[in-house]
Amino acid sequence: QKLASGGMAEVFLAKQVGIDGFEKLVVLKRILPHQSDNPEFVRMFLDEVRIAADLAHPNLVHIFDAGQADGQYFITMEYLRGH
């Protein structure tokens, strides 16, 4: 389910599925499709991933994973309910 879209990326609510019925709601942040072919933009996105992955604070969401699927770069993050 799409939650938001901005100038850099779009954000989706997703379900992580695992072994024996394991399910967890997560947020996927994905580079906008028209930006995926821009090497400088991809570099900035990956820099964001590296920096955010090293941050640990109760007021920041946790980064679970980052990767590329079908030519689209993404970040998988903790989902927090609320505004």
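The structure under discussion appears in the preceding block.
Rules of the game
Here the residue numbers are simple positions, counted from 1 along each chain's written sequence. pLDDT decides what is reported in this predicted model: residues at 70 or higher carry local features, side-chain atom pairs at 80 or more are listed and counted, and totals for whole chains, interfaces and linings draw on all residues regardless. Computation of side-chain values covers all heavy atoms of the structure but excludes hydrogens and water. Counting from the N terminus, the helices are the DSSP runs of H or I reaching at least four residues and the strands are the DSSP runs of E reaching at least two. Note on classification: 1.4 Å probe, protein chains only; a residue is buried when its accessible area is under 20% of the maximum for its type, exposed when over 50%, partly exposed between these limits. Any pair of N or O atoms that falls within 3.5 Å is considered a polar contact. Within protein, one atom must be able to donate a hydrogen and the other to accept it, and sequence-neighbouring residues count only if both atoms are side-chain atoms. Only heavy atoms enter the contact rule, under which two residues are in contact if any of them lie within 4.5 Å. Being paired, for any two strands, means DSSP has found at least two bridges between them. Every angle, taken between N-to-C directions, lies between 0 and 180 degrees, and every axis is a line fitted to C-alpha atoms, over only the stretch in contact when it is a helix.

**Q** Got a minute to help me understand the overall build of the chain in this structure?
**A** Tallying secondary structure elements over the chain gives one helix and five strands in all. Secondary structure of the chain in N-to-C order comes out as β-β-β-α-β-β. Taken along its principal axes, the extent of the C-alpha atoms in the chain is 40 × 30 × 25 Å. In the chain, buried positions account for 27% of the 83 residues.

**Q** What should I look at first to understand the environment of Arg50 in this one?
**A** Tracing the chain through its elements places Arg50 in helix α1 (residues 39-54). It is 9.3 Å that separates the C-alpha atoms of Arg50 and Ala66, two residues lying 16 residues apart in sequence. At a separation of 3.0 Å, a polar atom in the side chain of Arg50 contacts the side chain of Asp47.

**Q** How should the side chain of Ser36 be read in this particular structure?
**A** Along the polypeptide, Ser36 turns up in the loop between β3 (23-31) and α1. Taking the relative accessible area as the measure of exposure, Ser36 reaches 10% and is therefore buried. Residues in contact with Ser36, not counting those within four places in the same chain, are Ile31, Val42, Gly71 and Gln72.

**Q** Sorry, what's going on with the sheet that holds strand β1 (residues 2-5) here?
**A** The strands making up a sheet associate through backbone hydrogen bonding, with each pair oriented either parallel or antiparallel. A sheet is described by the order of its strands in space; here five strands give the open sequence β1-β2-β3-β5-β4, paired in antiparallel fashion. Looking at which strands have only one partner, the edges of the open sheet turn out to be β1 and β4 (63-69). Across this sheet, the average inter-strand angle for adjacent strands is 25 degrees, counted without regard to direction. Bridge analysis of strand β2 (residues 9-17) against β3 gives nine bridges, and the strand direction is antiparallel. Within the sheet, the bridge partner assigned to Ala9 lies in β3 and is Ile31. Taken strand by strand, α1 contacts β3, β4 and β5 (72-78), and its axis lies near 20 degrees from that of β5.

All we've got here are geometric facts, nothing functional implied.
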